[in-house]
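Chain by chain, the residues:
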Amino acid sequence: MSPALVHQLYNLTPLAVLGAIAWIVSRAARTPLWGEALRRLRRNPTARVAAAVAGLYVLVAVADSVGWYDTASQERRTVVDAVFERPRERTYSAPLADRTFGEPRPAPLIGRHLMGTDGVGADVLYRALKGVRTAFQIGGTTLCIVTPLALALGLVSGYHGRWRDDAIMYAVTVLSSIPGILLQIAMVLVLGKGVPQICIALGVTRWVGLCRLVRGEAIKHRDREYVRAAKALGVGDTAILARHILPNLLPVVIISTTLSFSSLVLAEAILSYLGVGVPDGTGSWGNMIDAARDELARDPVIWWNLGAATVAITGLALPMNLLGDALRDAVDPRLRS
Amino acid sequence: MLRFVVRRLLQAIPTVLGVLAVTWFLFFGTVSAETIARRNLSSKNPTQEQIQGWIKDHGYDAPPLVQLRRGTLDLLRFRFGTSDSTKEDILGRIRQGAGPSMAVAGTIFVATVLGAILTAVVAAAFRGTYVDKTVTVLCVVGLSVVYTVYVIAGQYFLAKQFRYGPVWGFDAAHGIWKYIVVPSLIGFSAGVAIEIRLYRTFLLDEIGQDYVRTARAKGVPETSVLLRHVLRNALVPILTNTVAVVPGLILGGLLLENFFGIPGLGSYLVDALAANDFAVVRAMVFLGTLLYIVGLILTDIAYAIADPRVRLD
């Protein structure tokens, strides 16, 4: 296949993901529980603002996933590259300045930069935007590892009990007694830097919490009458788990997933700072913060690099946290404090 | 009580064995000795002799059984061996680092738990009012900021601008307090939000109970209801959740010690990460896990003492 065609096929990925999410939401909205929850969410002004901000991030992530093969540079260029990439300056420059910063003889800049430039002269706004896709990749992929794993093992453990429960809970106990950050840094050290490695490390350490939650819920539902009725009618165990118990656990799972998304985004930044994060060349807020560690010690201070990365990362984590809280209130009003 | 403690200790044995299996698999099962050697050798394209020499020199050529012993029995007996990158004795370095680390982590732990209880009580006392709402909003915002930003911004404002303490360094001879004030303040701010949220829910759960209504009905003043009835009962879940602060303390140790030049276990681990020092990371993961397991056991014992409903046998 020609490289151009391969790059066209890449473009289908974000569309497929978005399509799948839209299909699930529209299906869910037709069920009474989720329809009511969505109506409550729509009435909640905080949730609406949070959803709008998160939507903007999704837009940037999609724009950075749709691209084409650039024959001149022999690299893939995305919509974000085309719109926001700026020519490289010599070194630091303040936001909207027309000269470089901190040099004995400030040189004039090639262009204006809304958020200034960093030490190697790259546009800070562009770098911050490039971090969006990485954040979604890490958050999304990790959740795709964590959620099915935790659901399957939690359901089996809670529903079947006995030796299956013992075996799974032993694994959960062992993994949860290793402090997460230690296991994560050890795993990325051993496996090597990279986005997939980070997702594996975060996935291995994060599934245990959700698994415990699911197991507890499964135990609660195991002896309910609807489950007994299904059993009496001759429905198999797998079908009972998948078609009867699972739908009842979805609210818990979805709320926990939303809330853990933001902590995964934050975890990437911490791992990058510790030197076991995203490799150079991939957009990453963690690497921006890492680069900024000495910039506040300079005089005059360089604040825009750290500032942009902080705003970018908090701007995604905060709406996701707020959405998670709002979703919990909307799905189960009894939990409302 | 003794029986309960002994049984709880025995229960920890399979867990520790499992942890040993996980770390052993991670460090000896997923990467080859050659990969470790390549990562440690500074030259970009090491020759085969250099690689073999490094593997031999650092004991990675040992037969599988010796590797297994190193990954299990030696760790259990705290024989951590020597560092891959500096050849230093790991246990000796851990002994030196434990003091400074405990000083920082201990201060943050006490400050976080006490500060969170105080704030949560205030929020619960004014529940539903703007005081409560402000606390809740601040907590969500606090949760959404990366730890590293707290560290960098905290050092700039607290140490550099307000001069509450030195920006860098640690000298036990000149009184350690001076050096740990700023790191502790930062660790406290970064970790307190999630605890406040948790403790507030615990308090609100108790406020909804029947005995609170009874206390109010018999004329107990609201302050007394809150402090003597609600808080005392909420302390049981709060107490058992204090151990949940520990992973945050470990993370704080890694970032704060590295950033403020405190020669503790955290900065030792961060340096080892930068140097690709597998032996040190392996020892530290095991030690950190052991400490956490001890914390979990202590919590269970504290829970059994605090809550008479917990049956001991």
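Residues numbered from 1 in each chain as written. Chains lettered and ligands numbered in written order. Predicted model: local features only at pLDDT ≥ 70, side-chain atom pairs only at ≥ 80, totals over all residues.

1. A few points about the overall build of chain A
When helices and strands are tallied, chain A shows 13 helices and 2 strands. With the C-alpha coordinates of chain A rotated into their principal frame, the extents come out at 85 × 55 × 40 Å. Counting all 337 residues of chain A, 42% fall into the buried class. Counted over contacts in chain A with a minimum sequence separation of 6, partners at least 24 positions apart contribute 61%. (Helix = DSSP H or I, 4+ residues; strand = E, 2+ residues; numbered from the N terminus. Buried ≥ 20, exposed ≤ 12 C-beta atoms within 10 Å, placed from the backbone. Contact = placed C-beta atoms within 7 Å.)

2. Examining the overall build of chain B
Within chain B one finds 14 helices and 0 strands. Taken along its principal axes, the extent of the C-alpha atoms in chain B is 85 × 55 × 35 Å. Across the 313 residues that make up chain B, the buried fraction comes to 36%. Excluding contacts between residues fewer than 6 apart, the proportion of contacts in chain B whose partners are at least 24 apart in sequence is 72%.

3. Overview of the interface of chain B and chain A
Counting residues at the interface gives 39 residues for chain B, matched by 37 residues for chain A. If you list the elements that add at least two residues to the side of chain B that touches chain A, you get helix H1 (2–29), helix H7 (130–143), helix H8 (147–161), helix H9 (177–207), helix H12 (245–260), helix H13 (265–274) and helix H14 (278–306) of chain B. With 8 residues, H14 of chain B is the largest single contributor of residues to the side of chain B that touches chain A. Residue composition of the side of chain B that touches chain A, by class: 31 nonpolar, 8 polar and no charged. (Nonpolar A, V, L, I, M, F, W, Y, C, P; charged D, E, K, R; others polar.)

4. Topic: the pairing of strand S2 (residues 75–78) of chain A
All names here are of chain A. Here strand S1 (residues 67–70) runs beside S2; their pairing, made up of 4 bridges, is antiparallel. Residue pairing for S2: Asp70 is matched across the bridge by Glu75. Between S1 and the antiparallel strand that follows it, S2, lie 4 residues; Gln74 among them carries a positive phi value of about 60°. (Pairing = 2+ DSSP bridges.)

5. Observations regarding the packing of helix H8 (residues 180–191) of chain A against H14 of chain B
Any two packed helices are characterised by how steeply their axes cross, that is the angle between the axes, and by the distance between the axes. Viewed as axis vectors pointing N to C, H8 of chain A and H14 of chain B meet at an angle of 160°, and their least axial separation amounts to 10 Å. On the basis of the axis angle, H8 of chain A is roughly antiparallel to H14 of chain B. When you trace H8 of chain A past H14 of chain B, the crossing you get is left-handed. Across from Leu182, Leu183, Ala186 and Leu189 of chain A in H8 of chain A, the residues of H14 of chain B making contact are Val281, Met284, Val285 and Gly288 of chain B. (Axes fitted to C-alpha atoms, helices over the stretch in contact; angles between N-to-C directions. Parallel < 35°, antiparallel > 145°, perpendicular 65-115°, else oblique. Left-handed = near helix turned anticlockwise from the far one by under 90°.)

6. Examining the confidence of the model for chain B
Residue and element names in this part refer to chain B. Model confidence for chain B is summarised by a mean pLDDT of 87, while 98% of its residues fall at 70 or above. Across chain B, H7 holds the top mean pLDDT of 93, while helix H4 (residues 64–71) sits lowest at 77. Model confidence for the complex is summarised by a pTM of 0.90, with the ipTM given as 0.90. (pLDDT = per-residue confidence, 0-100.)

7. Some points on the nonpolar core
One finds Ile185, Ala186, Ile270, Ile289, Ala309 and Ile313 of chain A together with Val281 of chain B to be the most contacted residues of the largest nonpolar core, which totals 165 residues. Residues within four places of Val281 of chain B in sequence aside, it is in contact with Ala186 and Leu189 of chain A together with Leu269, Ala272 and Leu273 of chain B. (Core = buried A, V, L, I, M, F, W, Y, C linked by C-beta atoms within 7 Å.)

8. Observations regarding unusual backbone geometry
Positioned with a positive phi, Arg162 of chain A is a non-glycine residue whose angle comes to about 50°. Within the secondary structure, Arg162 of chain A sits in helix H7 (residues 162–176). The phi dihedral of Asn276 of chain B is positive, around 55°, even though this residue is not glycine. Its place among the elements puts Asn276 of chain B in the loop between H13 and H14. In this structure Asn276 of chain B comes out as buried when scored by C-beta crowding, with 20 C-beta atoms within 10 Å.

9. So, the packing of H13 of chain B against H14 of chain B
Residue and element names in this part refer to chain B. H14 packs onto H13 with a crossing angle of 140° between their chain directions and a minimal axis gap of 8 Å. Once H13 is placed against H14, the crossing between them reads as left-handed. Contacts from Leu265, Tyr268, Leu269, Ala272 and Leu273 in H13 reach Val280, Val281 and Met284 in H14. Tallied by class, residues from the contact of H13 with H14 come to 8 nonpolar, no polar and no charged.

10. Description of H9 of chain B
End to end, H9 of chain B covers just 39 Å across 31 residues, shorter than the expected 45 Å (1.5 Å per residue, more than 12% under). Val192 of chain B marks where H9 of chain B bends most, by close to 40°. (Expected span 1.5 Å × (residues − 1). Bend = angle between axes of the 7 residues up to and from the residue.)

11. Comments concerning helix H2 (residues 12–29) of chain A
Look at H2 of chain A: 25 Å from first C-alpha to last across 18 residues, which is about the 26 Å you get at 1.5 Å a residue. In terms of burial, H2 of chain A is a largely surface element, 0 of the 18 residues being buried.

12. Quick look at the environment of Ala218 of chain A
Residue and element names in this part refer to chain A. Take Ala218: it is sitting in helix H9 (residues 195–222). Using a count of 25 C-beta atoms within 10 Å as the deciding quantity, one classes Ala218 as buried. Each C-alpha atom of the pair Ala218 and Ala52 lies 34 Å from the other, and the pair is 166 residues apart in sequence.

13. A few points about the environment of Leu298 of chain B
The topology assignment puts Leu298 of chain B in helix H14. Counting along the chain gives 58 residues from Leu298 of chain B to Thr240 of chain B, while the straight-line C-alpha distance between them is 9.3 Å.

14. Some details on the environment of Asp70 of chain A
Residue and element names in this part refer to chain A. Looking at the secondary structure, you find Asp70 in strand S1. Of the residues examined, Asp70 has 15 C-beta atoms within 10 Å and is grouped as partly exposed. Ignoring anything within four residues of it in the chain, the contact list for Asp70 reads Glu75 and Arg77.

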